[in-house]
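# Fold and geometry: a report
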Amino acid sequence: QVQLVESGGGLVQAGGSLRLSCAASGRTFSSYTMAWFRQAPGKEREFVAAIQWSGGGTYYVDFVKGRFTISRDNAKNTVALQMNSLKPEDTAVYYCAMSRIPYYSQYNVPPGYDYWGQGTQVTVFS
């Protein structure tokens, strides 16, 4: 089994920054796609960003482009989400997800991911 553990969430004022991190452990795979999703109260889980295996692409939902950056360290089995210029509407629980497909094309579709973290709360106040 694969375990994903997120960290780095917290309370931040609008305009501020946070860096989320996700560490994978257990039976990790040689290549995989990683992503971040988020879920606000009363709303469905939504795609935020994804990064394919080495040489693959990075993808963002429109409302975070230019503000968020996803990155990964394959040697350490970690993925990060740098979030800048945060807005109150970014408030949500952020989840890390892993797909065993290294160049997963349907990167914005939650059911395609095999493993999920427990989530980390991000709260942005104005």
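Because the structure is a prediction, the values reported are computed rather than measured. Along each chain, numbering runs from 1 in the same order as the chain's sequence is written. The predicted nature of this model means local features are confined to residues of pLDDT at least 70 and side-chain atom pairs, given and counted, to a pLDDT of 80 or more, with totals for whole chains, interfaces and linings taken over all residues. Hydrogens and waters are ignored; side-chain quantities use all the structure's heavy atoms.

Right, let's talk about the pairing of strand β1 (residues 2-7) for a bit. Here is the key point about a regular strand: its side chains alternate between the two faces of the sheet. Burial along β1 is one-sided: V2, L4 and E6 are buried, while Q3, V5 and S7, pointing the other way, are not. Two strands pair if DSSP finds at least two bridges between them. Helical segments are the DSSP runs of H or I of at least four residues, strand segments are the runs of E of at least two, and each set is numbered from the N terminus. In this sheet, strand β3 (residues 18-26) lies alongside β1 in antiparallel orientation, the contact comprising six bridges. Of the residues in β3, the one forming a bridge with E6 is C22. The classification of residues rests on relative accessible area computed with a 1.4 Å probe and restricted to protein chains. Under 20% of the type maximum is buried, over 50% is exposed, and intermediate values are partly exposed.

So, about the side chain of E6. As for its position among the elements, E6 is in strand β1. Positive charges come from Lys and Arg alone, negative charges from Asp and Glu alone, with His and the N- and C-terminal ends not counted. Put simply, a salt bridge is a Lys or Arg side-chain nitrogen that is within 4 Å of an Asp or Glu carboxyl oxygen. No salt bridge is formed by the buried E6. Its closest oppositely charged neighbour is R45, at 7.6 Å. At a separation of 2.8 Å, a polar atom in the side chain of E6 contacts the main-chain amide nitrogen of C96. Between N or O atoms, a polar contact is any pair within 3.5 Å; within protein, one atom must be a potential hydrogen donor and the other a potential acceptor, and residues adjacent in sequence are included only when both atoms are from side chains. From its side chain, E6 meets the backbone nitrogen of G119 in a polar contact 2.9 Å long. Whether two residues touch is decided by their heavy atoms; if any such pair falls within 4.5 Å, the residues are in contact. If sequence neighbours within four positions are ignored, E6 has contacts with S21, C22, W36, Y94, Y95, C96, G117, Q118, G119 and T120.

Turning to the sheet that holds strand β8 (residues 78-83), a few remarks are in order. Spatially, the four strands line up as an open sheet ordered β1-β3-β8-β7, and their pairing is antiparallel. Either end of the sheet is taken by a strand with one partner, and the two such strands are β1 and β7 (68-73). This sheet shows a mean twist of 15° between the axes of neighbouring strands, independent of strand direction. One ladder, built from six bridges, connects β7 with β8; its direction is antiparallel. Pairing of S71 across the sheet is with A80, part of β8. In this description, a line fitted to the C-alpha atoms serves as the axis of each element, helices being fitted only across the stretch in contact, and the angle between N-to-C directions of two axes falls anywhere from 0 to 180 degrees.

A separate point is the packing of aromatic side chains. Working definition: rings of Phe, Tyr and Trp (its six-membered ring) pair if their centres are within 6.5 Å, and the pair is stacked with planes under 30 degrees apart, edge-to-face with planes over 60 apart, and tilted otherwise. Overall, the coordinates contain eight aromatic pairs when judged by the stated rule. Consider the rings of F37 and Y113, whose centres lie 5.4 Å apart with planes at 75°: the pair is edge-to-face. Separated by 76 residues along the polypeptide, F37 in strand β4 (residues 33-39) and Y113 in the loop between β9 (92-99) and β10 (115-116) bring together distant segments of the chain. Comparing F37 with Y113, the two get one shared label, buried. Taken together through their ring pairs, the aromatic side chains of F37, F47, Y59, Y104, Y107, Y113 and W116 make up a single cluster.

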